[in-house]
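Okay, here's what each chain looks like letter by letter:
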Amino acid sequence: MSVKNEPTFRESVDLMFNRAVSLMDLPPGLEEKIRVCNATYTVRFGVRLRGHIQTFTGYRSVHSEHMEPVKGGIRYANSVNQDEVEALAALMTYKCALVEAPFGGSKGGLCIDPREYDEHELEQITRRFAYELAKRDLIHPSQNVPAPDMGTGEREMAWIADQYARMNTTDINAKACVTGKPLNAGGIAGRVEATGRGVQYALQEFFRDARDIEQAGMQGTLDGKTVVVQGLGNVGYHAAKFLSEEDGCKIVGVIERDGAITNDDGINIENLREWIIKHGGVKGYPDGSYTENGAAVLETECDILVPAAMEGVINLSNAERIKAPLIIEAANGPVTAGADEILRKKGTVIIPDMYANAGGVTVSYFEWVKNLSHIRFGRMQRRQEEARHQLVVDQLEELSKAMGNSWTLTPDFKQKYLRGAGELELVRSGLDDTMRIAYQSMRETWHEREDVQDLRTAAYLVSIGKVASSYRAKGL
Ligand code: GLU
């Protein structure tokens, strides 16, 4: 969606990379080695549909194999092309390094509008694509592990996992060949919400440091902040839902494919989501004003702007008019390199994609570990933990009795304290920890180095540093 005179998505990522490495002391050879995509495989395959053969074009790009398997989603969209897949694969490398998920970066895509096919047709197409990739180890538990991305979800991942298992009947770790599977097909609790949850945790961490809040010219906490979300897909929906239901944010604008809904009193995300599912768009939603010109809503006054749809939506044509002091890139690459420069000069704080949307791959990592260990998280400890907590509660209640019941434990405390952590609680805890630590590493670089003025550069510095030391240790 970038405008004329702007670099392509991949060039944009390279420009941001170059800005960061110019502040590092890397040997030029290593710099080049890290920047380039190792390989991009293009496949054209035919599927017989509706009485004739249709040819599809798909890609799987591997950016960096400094750690294996390589990891990254598979996208279904008409706009998929080699440049985009390579840009996204590069971002996966940096993303995984930043959140310490032990993977190299990869990405896949299929040029298709999934809405034009029924479920059975999509299954045929997905299985055939998976077959083509698995045949070349581009789907493999120890080599290359795809996941959902735009236009794909649990359903497609289940087909891919099954296709791989059929081709590798004796592989005991077959389920670990792909993540983002449904729970009943080897998935993990909390994967669907993970990216949106990660956006929430990222903002919570941002608001824990007065310096960061001040940099954005803001005050206070997340409570009461106004938010505009672009894209109410899996990521945007969960981010908006959690921010409004749990953190007190007011969602004042939602931009979708067919236009936008605005409401200064706040939009109920559940209701709007239901409306979209039923009517195919936001038009006609009764609880707010509708405008067909969705892009204009990106420019409305709000505290936090959450682009959660496509790349390149904030570009040279609109960057100057963006008013939000804080942007969190829930999508990959929503701000072009040119727009990034304009926004930086304006003092807008941008929480960059490689960090902001890393919640998905983080929980994918947990799912992969779960698949390889063949046991659900919490299965061994949960009841033991509850029994030990029960001991403490019993003892305290004895004590209370002995003191004439002058104090008691509230039922709410008892209920919360006694409950042992199941898989969902553990996944959320692991994700929260990951998002906090990764943010803190960016924050340290941002505030401590005078030559680093923005979080994106800080994120690149931290992640490139990690990739570089991994290459150095291996002795390239
Ligand atoms: N497609 C997601 C991303 O861009 C998730 C990747 C994964 O879980 O491997 O980060």
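See the structure above.
Note that residues are indexed from 1 along each chain, following the sequence as it is written. Reporting of local features is limited, given that this is a predicted model, to residues whose pLDDT is at least 70; pairs of side-chain atoms are given and counted only at 80 or more, and all residues count toward the totals for whole chains, interfaces and linings. Computation of side-chain values covers all heavy atoms of the structure but excludes hydrogens and water.

Chemist: Explanation requested: the overall build of the chain in the structure shown.
Modeler: Helix and strand assignments follow DSSP, with helices taken as H or I runs no shorter than four residues and strands as E runs no shorter than two, numbered in order from the N terminus. The helix and strand tally for the chain stands at 17 helices and 13 strands. Against the compact-globule benchmark of 23 Å for 476 residues, the chain has a radius of gyration of 23 Å, which places it among compact chains. The dimensions of the chain, computed from C-alpha atoms along their principal axes, are 80 × 55 × 55 Å. Should any heavy atoms of two residues lie within 4.5 Å, those residues are counted as being in contact. At a minimum sequence separation of 6, the contacts of the chain that also span at least 24 residues come to 70%. With the model as given, the accessible surface of the chain reaches about 20700 Å², and the carbon-plus-sulfur share is 49%. By the counting scheme adopted, Arg and Lys are positive, Glu and Asp are negative, and His together with the chain ends is not counted. A charge is said to be at NZ when it belongs to Lys, at CZ for Arg, at CG for Asp and at CD for Glu. Across the chain, the mean location of the 56 positive side-chain charges is 4 Å away from that of the 67 negative side-chain charges. Here the globule rule is a power law, 2.2 Å times the number of residues to the power 0.38, and the radius of gyration is based on C-alpha atoms. Residue exposure ignores everything except the shown protein chains as possible cover, and the areas themselves are Shrake-Rupley values with a 1.4 Å probe.

Chemist: In this structure, what is going on with the site of the ligand? I would like to understand it.
Modeler: Only a single heavy atom is needed: when it lies within 4 Å of a molecule or strand, its residue is near that molecule or strand. In the vicinity of the ligand, 14 residues are found, and the nearest of them are Lys-95, Lys-107, Pro-148, Asp-149 and Ser-364. Take Lys-107: an N or O atom from its side chain is 2.8 Å from an oxygen atom of the ligand. Take Asn-332: an N or O atom from its side chain is 3.3 Å from an oxygen atom of the ligand. The fraction of the free accessible surface of the ligand (290 Å²) that becomes covered by protein chains is 95%. The set of elements that each furnish at least two residues to the shell around the ligand consists of α3 (82-98) and α13 (359-373). Considering each element in turn, the shell around the ligand owes the most residues, three residues, to α13. Ten residue types, Ala, Val, Leu, Ile, Met, Phe, Trp, Tyr, Cys and Pro, are classed as nonpolar, four, Asp, Glu, Lys and Arg, as charged, and the remainder, Gly among them, as polar. Here the residues of the shell around the ligand are counted per class, giving four nonpolar, five polar and five charged. Polar contacts, as used here, are pairs of N or O atoms within 3.5 Å; protein pairs need one atom able to donate a hydrogen and one able to accept it. Residues neighboring in sequence count only if both atoms are side-chain atoms.

Chemist: When you look at the environment of Lys-414 in this model, what are you seeing that I'm missing?
Modeler: Examined against the element boundaries, Lys-414 turns out to sit in helix α15 (residues 411-418). C-alpha separation for the pair Lys-414 and His-389, spaced 25 residues apart in sequence, amounts to 9.3 Å. Every residue in contact with Lys-414, bar those within four places of it in the chain, is listed here: Val-393, Glu-397 and Leu-409.

These figures capture arrangement, not role.
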